[in-house]
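Each chain is listed here by its residues.
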Amino acid sequence: MGARGLSFGAVAEAYERFRPGYPVELLELVAEYAGGPMRTALEIGAGTGKATRLFAQGGIAVTATDPDAAMLVELRKHVPASVTVVQAAFEDLPLDSAYDLVYSAAALHWTNPEGRWDRMAALVRPGGVFTSFGVPIQLADPDLKEAARAARAPYLHDDGVPSPDGTPADRPMQWPGTELQQTEWFTDVRQTIIERPLTISAEDYVGQLSTVSAYVMLDPADRDEVFRRTLEALPETVELDAQIHVHLARRAP
């Protein structure tokens, strides 16, 4: 995963406080796609359990995995006792069990591309479902978005994570759908967006930024200055474009 992918434990409490959870519409979308019962699920990169709670409430026996012990300490505070918690990276998970559902919430891009889909296929039962989803939170107002970019520019050129396979942002199918379409292991690849506008305080917006790896990796003094400049550039409340980008695929027989 590298240092950036393993940086979140240092901000686990902030991650839980400021990152938005996932709505029931996401669970309904995955259940409709599955078309049958999902009794067992494996979560890759569970973090503090934002998505874990959603799928566990659907009556699914979730095994939540993450390589970061600090994130799992926070997760255990918020998930039901029915959730099995395992500290492990995706690449270290044993391949002796297959699940009805394997999912990853804003974490798949941290996994090793070498053998990713062979390993994933071993973890999803034939006919089962894989889904990856995330929330690339952006300021909805273009002028405010530019103001925030200008505030960070002296210290950070870009705070996003580039497409792992280099797919341009204007392509109809985005990663990981692009890779799923190319592997023999998965079929019926779909991409959809759940719309979700949010209005939050500027301070909470900066709180969310504090959980983004690009900012976590900054020198503390530079990070504090970026956040000061960002707060100065924004009104007291801001509207966010918090769309949930979802990819679904079915394990081939």
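Below: a short report on this structure.

Cut-off values and rules
Residues numbered from 1 in each chain as written. Predicted model: local features only at pLDDT ≥ 70, side-chain atom pairs only at ≥ 80, totals over all residues. Heavy atoms only, no water. Helix = DSSP H or I, 4+ residues; strand = E, 2+ residues; numbered from the N terminus. Rg over C-alpha atoms; globule rule 2.2 N^0.38 Å. Buried < 20%, exposed > 50% of the residue type's maximum accessible area, 1.4 Å probe, protein only. Contact = heavy atoms within 4.5 Å. Areas by Shrake-Rupley, 256 points an atom, 1.4 Å probe, with all protein chains shown as cover. Lys, Arg positive; Asp, Glu negative; His and termini not counted. Charge placed at Lys NZ, Arg CZ, Asp CG, Glu CD. Pairing = 2+ DSSP bridges. Axes fitted to C-alpha atoms, helices over the stretch in contact; angles between N-to-C directions. Core = buried A, V, L, I, M, F, W, Y, C linked by side-chain atoms within 4.5 Å. Salt bridge = Lys/Arg side-chain N within 4 Å of Asp/Glu carboxyl O.

A word on the overall build of the protein
Moving on, step 1. In terms of helices and strands, the protein carries eleven helices and ten strands.
Moving on, step 2. Against the 2.2 N^0.38 benchmark of 18 Å for 253 residues, the protein shows a C-alpha radius of gyration of 18 Å, consistent with a compact globule.
Moving on, step 3. Along the longest, intermediate and shortest principal axes, the C-alpha atoms of the protein span 55 × 40 × 30 Å.
Moving on, step 4. Taking all 253 residues of the protein together, 50% fall into the buried category.
Moving on, step 5. A fraction of 77% describes how many contacts in the protein between residues 6 or more apart in sequence connect residues 24 or more apart.
Moving on, step 6. Accessible surface, the protein as shown: approximately 12,000 Å² in total, 50% of it carbon and sulfur.
Moving on, step 7. For the protein, the centre of its 22 positive side-chain charges and the centre of its 36 negative side-chain charges are spaced 3 Å apart.

Some thoughts on the sheet that holds strand β8 (residues 197–201)
Sheets are built from strands paired through backbone hydrogen bonds, the pairs being either parallel or antiparallel.
Moving on, step 1. On the basis of which strands lie adjacent, the open sheet formed by three strands has the order β6-β9-β8 and antiparallel pairing. Strands with a single pairing partner mark the edges of an open sheet, and in this sheet they are β6 (138–139) and β8.
Moving on, step 2. Here β6 pairs with strand β9 (residues 237–241) via two bridges, running antiparallel. By the bridge assignment, Gln-138 is partnered in β9 with Asp-241.
Moving on, step 3. Docked against the sheet, helix α9 (residues 202–209) engages β6, β8 and β9, running at close to 105 degrees with respect to β8.

Some details on the nonpolar core
Moving on, step 1. Ranked by size, the top nonpolar core spans 31 residues in total, and within it Tyr-22, Leu-26, Phe-55, Val-62, Leu-101, Tyr-103 and Phe-133 carry the most contacts.
Moving on, step 2. Mapped onto this core, the elements with two or more residues apiece are α3 (24–34), α4 (50–56), β2 (61–66), α5 (69–76), β4 (99–105), β5 (124–134) and β10 (244–251).
Moving on, step 3. Top contributing element to this core by residue count: α3, with five residues.
Moving on, step 4. Not counting chain neighbours up to four residues away, the residues in contact with Tyr-22 comprise Lys-50, Ala-51, Leu-54, Ala-105, Ala-106, Phe-133, Gly-134, Val-135, Arg-196 and Ile-244.

Some words on the environment of Gly-45
Moving on, step 1. With respect to the secondary-structure elements, Gly-45 resides in the loop between β1 (40–44) and α4.
Moving on, step 2. With a relative accessible area of 17%, Gly-45 lands in the buried category.
Moving on, step 3. Along the sequence, Gly-45 and Tyr-103 sit 58 residues apart, while their C-alpha atoms lie 9.0 Å from each other.
Moving on, step 4. Contacts of Gly-45, omitting those with residues within four sequence positions, involve Thr-65, Asp-66, Ala-105 and Ala-107.

Concerning the pattern of salt bridges
Moving on, step 1. Overall, the coordinates contain eleven salt bridges when judged by the stated rule.
Moving on, step 2. As a salt-bridge pair, Glu-16 and Lys-50 come within 3.7 Å of each other at their nearest N and O atoms. Of this pair, Glu-16 sits in helix α2 (residues 12–18) while Lys-50 sits in helix α4, placing them 34 residues apart in sequence.
Moving on, step 3. Residue Glu-16 is classed as buried on the basis of its relative accessible area, which comes to 12%.

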